[in-house]
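Architecture and fold: a report
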Amino acid sequence: LTSPRNGKDEGDVASFQVPQILIFLDLDGAVVRAGFENGDNYTSSIISGTRNLPPPAMTATQKAELVRLVADDFSPFNTVVTTDAAEFSATPAQFKQMCIVTTTPQTAGFGSGVGGVSPWAGAGFRIRNSITFAFAAPYLNDPIQVAHTVSHEVGHSLGGLPHQHLYNDVCGVNREYHPGFGSGLLGFA
């Protein structure tokens, strides 16, 4: 196969690489305030007031598996997944994202049916240094389900990945999930 841009083999794909992005999973609990998106200051446009978000009730083994699974989800991309707050602090804002994993959506001011939330600027737009949220209790702290939620929400903030939509003539646009759309390592459901 050749690149449509220059006719060369796909071996030169490195020329299209973007800088490495650090994804910080905050599993230690946090206080988040309403404000402009800023992971360094723990402010978020989707949080109202000031919220004390406790750490998830996951064991050390469950947390390690969560980190491994999220790192695996993002392995096709130029990313590093960490739980090291010092590494997050040392990384320039334009090269990092944060996901706070906490207990329930109610602690962050959301309804009981919510598994995770993310700010979203539109398809193709990245919100740099923003905070996404994943709630472990609705998934009974299952690392696989929590990892799916983390990866899904971070996907919204990293590249504006939207939900899949079903268009039909009867009811217009149904905003719902459609598992199985996309394929292989780069599928997003």
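Cut-off values and rules
- Residues numbered from 1 in each chain as written.
- Predicted model: local features only at pLDDT ≥ 70, side-chain atom pairs only at ≥ 80, totals over all residues.
- Heavy atoms only, no water.
- Core = buried A, V, L, I, M, F, W, Y, C linked by side-chain atoms within 4.5 Å.
- Buried < 20%, exposed > 50% of the residue type's maximum accessible area, 1.4 Å probe, protein only.
- Helix = DSSP H or I, 4+ residues; strand = E, 2+ residues; numbered from the N terminus.
- Contact = heavy atoms within 4.5 Å.
- Pairing = 2+ DSSP bridges.
- Phe/Tyr/Trp six-rings, centres within 6.5 Å; stacked < 30°, edge-to-face > 60°.
- Lys NZ or Arg CZ within 6 Å of the ring centre and 35° of its normal.
- Salt bridge = Lys/Arg side-chain N within 4 Å of Asp/Glu carboxyl O.
- Axes fitted to C-alpha atoms, helices over the stretch in contact; angles between N-to-C directions.

Here the focus is the nonpolar core. Within the largest apolar cluster, 20 residues are counted, with the highest numbers of intra-cluster contacts made by Ile 23, Leu 25, Leu 66, Val 70, Val 101 and Val 150. Breaking this core down by element, the ones donating at least two residues are strand 1 (21-26), helix 1 (60-73), strand 6 (96-102) and helix 3 (143-159). Examining the composition of this core, we find that 5 residues originate from one element, helix 3, more than from any other. Leaving out residues up to four positions away in the same chain, Leu 25 has contacts with Val 67, Val 70, Val 81, Thr 82, Thr 83, Cys 99 and Val 150. Listed in part, the 15 residues of the second largest apolar core include Leu 53, Ile 100, Ile 131 and Phe 133.

With that out of the way, let us pick up the pairing of strand 1. On any regular strand, side chains alternate: one points to one face of the sheet, the next to the other face. Of all 6 residues that make up strand 1, 6 are buried, and the element is covered over most of its length. Burial along strand 1 is two-sided: Ile 21, Ile 23 and Leu 25 facing one way and Leu 22, Phe 24 and Asp 26 facing the other are all buried. Bridge analysis of strand 1 against strand 5 (residues 79-82) gives 4 bridges, and the strand direction is parallel. Looking at strand 5, one finds that Phe 24 is bridged to Thr 82. Bridge count for strand 1 against strand 6 is 5 bridges, and the pairing is parallel. Residue pairing across strands places Ile 23 opposite Gln 97, the latter belonging to strand 6.

A word on the environment of Thr 104. Following the sequence through the fold, Thr 104 ends up in the loop between strand 6 and strand 7 (116-117). Judged by relative accessible area, Thr 104 falls into the partly exposed class, the value being 25%. For the pair Thr 104 and Ala 134, spaced 30 residues apart in sequence, the C-alpha to C-alpha distance is 8.5 Å. Apart from the residues within four sequence positions on either side, Thr 104 is in contact with Phe 135 and Ala 137.

Applying the stated rule across the entire model yields 3 aromatic pairs. Relative to Phe 88, the ring of Phe 24 lies with its centre 5.0 Å away and its plane at 25 degrees, an arrangement referred to as stacked. Taken together, the residues span a long stretch of sequence, with Phe 24 in strand 1 and Phe 88 in helix 2 (residues 85-90) at a distance of 64 residues. Grouping residues by exposure puts Phe 24 and Phe 88 together as buried. Geometry around Phe 88 places Lys 96 over its ring, the cationic atom sitting 4.1 Å from the centre.

Next up on the list: unusual backbone geometry. In this structure, Tyr 42 is a non-glycine residue whose phi angle is positive, near 55 degrees. Within the fold, Tyr 42 resides in the loop between strand 2 (30-34) and strand 3 (43-44).

Our focus in this paragraph is the pattern of salt bridges. Here the idea is simple: oppositely charged side chains can pair when their charged atoms come close. Counted under the stated rule, the structure contains 2 salt bridges. A salt bridge links Lys 96 to Asp 40; the nearest nitrogen and oxygen atoms lie 2.5 Å apart. Of this pair, Lys 96 sits in strand 6 while Asp 40 is found in the loop between strand 2 and strand 3, placing the two residues 56 residues apart along the sequence. Classification of Asp 40 as partly exposed rests on a relative accessible area of 38%.

The next point concerns the sheet that holds strand 1. Strands sit in the order 5-1-6-8-7 across an open sheet of 5 strands; the sheet is mixed. Looking at the sheet topology across the chains shown, the edges are occupied by strand 5 and strand 7. Of the strands in this sheet, strand 1, strand 5 and strand 6 touch helix 1, which is tilted by about 170 degrees from strand 5.

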